[in-house]
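This is what each chain is made of:
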Amino acid sequence: MLLSWPSDRCRQVDFAFSEKAQSYRQRLTAFMQESVLPAEKTYSSQLRHTAEWRQWVQPPIMEELKAKARAAGFWNLFLPEKEYGAGLTNLEYAPLAEIMGRSPIAPEVFNCNAPDTGNMEVLVKYASEAQKQRWLKPLLAGEIRSAFCMTEPDVASSDATNMRATALIEGNEVVLNGRKWWSSGIGHPHCKVAIYMGVTFAAAEKHVRHSMVLIPLDAPGVNIERMVSAFGMYDEPFGHGEVSFTNVRLPLDHIIAGPGRGFEIAQGRLGPGRIHHCMRSLGAAERALDLLCKRSLSRVAFGKTLAELGGNYDVIANARIAIEQARLLTLKAAWMMDTVGAKGAMSEISQIKVVAPSVAQTIIDQAIQIHGGAGVSPDFPLAEMFGYIRSLRLADGPDEVHRALIAKLELKKYKNAATAQSA
Ligand SMILES: Cc1cc2nc3c(=O)[nH]c(=O)nc-3n(C[C@H](O)[C@H](O)[C@H](O)COP(=O)(O)OP(=O)(O)OC[C@H]3O[C@@H](n4cnc5c(N)ncnc54)[C@H](O)[C@@H]3O)c2cc1C
């Protein structure tokens, strides 16, 4: 599909799927139908549903699915670097992430789950050889999991410059003190490492103050205080931890890319990760619409199918329209990441980060409604999907922060034009 585009940055948009992407799409869809979706109930029955996170276990079925996916070549599909992953572009990966988004358990099956994907991207781009050997290698193999510790309970963390946790250099060590929360994945029995962001140079310009440090979770001074539930759900066995770091002392070689580069790494980390979330949101929206349509045709009230009652035709039509619009915007953002890079695609990435979870949230909500009481029961995946997607409007930056960035970039064009005119 070729479209003209009225922008200086990209004159022709090409969303055509390559043969490689097309082949992956067909095979991945079949794998999801045959292996992943039917395994959801077993996975849930093998979990330990308890707030006592130390009792959480990795469901054995997940390890079976991972082995099967790896053998079938569906492994680390998110990494564009051939040396580490499948060598797919963002545009090629977009429809695959959407397919994975249809099931909450799928991303881990393919080693494509957050926050490991973002953490692996950081390590590929910025880590030393020794750091890659110690952490990237087992992450790529799906042998360990990781967490990303940036958000803090005591400050408005949507503004990363508010961060208070420290990563101070003392001799040949970096010393960490602070408290983080919403550290996703830290409760997983396989989680062995966290990437921690802290202030190193408090007096420096705000974008060169922070460092990112690799922390082995068994380092003295690291204490997981509790798991924070979202809408009452713990998202076991991953969880979202509140973690204290008290005088955690690590050799300097645990800092990624050197002191003061934390902000730069954080910016690079969130580009691809954000659109992966959006792609998966669309998969969740598709599944919700699928369930909505089937339910609305299979139940009868007041002498008609539910589909025929009230404004339900409009609900279905609007859902289809919204998904198609959001998909086009996602593909555009992915395509721009491939062609002009994450910096050039900044506005589009934020646009889709606002749009995709909101579209999915609305459709999941409508699917819940048409299911009646069953919609909020554990018999359908809708309640769980709703909780996940609603949280996504906060994770990786609240909607408002992305809107602020989009507006800033939009206004910049006018400010630049005014400056040029007055020159
Ligand atoms: C399920 C889940 C998983 C998460 N996983 C991780 C993780 O793995 N690692 C991690 O570090 N963090 C994680 N987070 C944290 C998430 O990134 C933060 O919650 C988010 O960045 C917002 O920070 P905050 O909670 O401190 O909200 P605050 O910064 O206090 O903001 C609260 C609200 O203020 C308003 N606001 C803020 N800025 C603006 C603005 N510019 N314009 C208008 N209104 C504004 C918005 O309504 C915003 O929602 C996760 C969060 C959730 C819910």
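A few points on the structure. (Residues numbered from 1 in each chain as written. Predicted model: local features only at pLDDT ≥ 70, side-chain atom pairs only at ≥ 80, totals over all residues. Heavy atoms only, no water.)

Some thoughts on helix H9 (residues 312-344)
With 33 residues, H9 should reach 48 Å at 1.5 Å per residue; the first-to-last C-alpha distance of 40 Å falls well below that figure. Taken as a whole, H9 carries its principal kink of about 95 degrees at Asp338. (Helix = DSSP H or I, 4+ residues; strand = E, 2+ residues; numbered from the N terminus. Expected span 1.5 Å × (residues − 1). Bend = angle between axes of the 7 residues up to and from the residue.)

Some details on the site of the ligand
Within the structure, the ligand sits among 17 residues, and Phe148, Thr151, Ser158, Trp182 and Ser184 are positioned closest to it. Within the backbone of Phe148, an N or O atom sits 2.8 Å from a nitrogen atom of the ligand. Between the ligand and the protein, one listed contact pairs an oxygen atom with a backbone N or O atom of Met150 at 2.9 Å. In isolation the ligand offers 980 Å² of accessible surface; the protein chains occlude 67% of this area. Residue assignment for the shell around the ligand shows that the elements contributing at least two residues are strand E5 (173-184) and helix H12 (399-422). The residue makeup of the shell around the ligand, split by class, is nine nonpolar, six polar and two charged. (Near = heavy atom within 4 Å. Polar contact = N/O pair within 3.5 Å; in protein donor to acceptor, adjacent residues only side chain to side chain. Areas by Shrake-Rupley, 256 points an atom, 1.4 Å probe, with all protein chains shown as cover. Nonpolar A, V, L, I, M, F, W, Y, C, P; charged D, E, K, R; others polar.)

Considerations on the packing of helix H10 (residues 346-371) against helix H11 (residues 382-392)
Where H10 contacts H11, the axes come no closer than 9 Å and their chain directions differ by 155 degrees. By the angle class used here, H10 and H11 are roughly antiparallel. H10 and H11 meet at a crossing whose hand is left-handed. Along its contact with H10, which presents Lys353, Pro357, Ala360, Gln361, Ile364, Asp365, Ala367, Ile368 and His371, the element H11 presents Leu382, Ala383, Met385, Phe386, Ile389, Arg390 and Leu392. When the residues that make up the contact of H10 with H11 are grouped by side-chain class, the tally is 11 nonpolar, two polar and three charged. (Axes fitted to C-alpha atoms, helices over the stretch in contact; angles between N-to-C directions. Parallel < 35°, antiparallel > 145°, perpendicular 65-115°, else oblique. Left-handed = near helix turned anticlockwise from the far one by under 90°. Contact = heavy atoms within 4.5 Å.)

What about the environment of Ser18?
Tracing the chain through its elements places Ser18 in the loop between strand E2 (12-14) and helix H1 (19-36). By relative accessible area, Ser18 is classed as partly exposed at 25%. At 2.5 Å, the side chain of Ser18 forms a polar contact with the side chain of Glu92. (Buried < 20%, exposed > 50% of the residue type's maximum accessible area, 1.4 Å probe, protein only.)

Quick notes on the nonpolar core
Judged by nonpolar contacts, the single largest core of 93 residues is most densely connected at Leu77, Tyr93, Phe110 and Ile364. When residues of this core are assigned to their parent elements, the largest contribution, 13 residues, is made by helix H8 (residues 262-298). In this structure, Ala167, Ile215, Met227 and Val248 belong to the second largest nonpolar core, which totals 24 residues. (Core = buried A, V, L, I, M, F, W, Y, C linked by side-chain atoms within 4.5 Å.)

Some points on the packing of aromatic side chains
Using the criterion set out here, one finds six aromatic pairs in the structure. With a centroid separation of 4.8 Å and an interplanar angle of 65 degrees, the aromatic rings of Tyr196 and Phe245 are classed as edge-to-face. Of this pair, Tyr196 sits in strand E6 (residues 191-199) while Phe245 sits in strand E9 (residues 240-251), and the two are 49 residues apart along the sequence. Like Tyr196, the residue Phe245 is buried in the burial classification. Through pairs of rings, three or more aromatic residues link up here, namely Tyr24, Phe31, Phe74 and Phe110. (Phe/Tyr/Trp six-rings, centres within 6.5 Å; stacked < 30°, edge-to-face > 60°.)

So, the pattern of salt bridges
In this structure the tally under the stated criterion is 20 salt bridges. A salt bridge links Arg249 to Glu173; the nearest nitrogen and oxygen atoms lie 2.8 Å apart. Taken together, the residues span a long stretch of sequence, with Arg249 in strand E9 and Glu173 in strand E5 at a distance of 76 residues. Relative accessible area serves as the criterion here: at 25%, Glu173 is assigned to the partly exposed category. Here Arg179 makes a salt bridge to Glu242, at a shortest N to O gap of 2.9 Å. Placement of the pair is Arg179 in strand E5 and Glu242 in strand E9, with a sequence separation of 63 residues. On the basis of relative accessibility, which here comes to 32%, the residue Arg179 falls in the partly exposed class. Three or more residues are tied together by salt bridges with common partners; here these are Glu98, Glu286, Arg320, Glu324 and Arg327. (Salt bridge = Lys/Arg side-chain N within 4 Å of Asp/Glu carboxyl O.)

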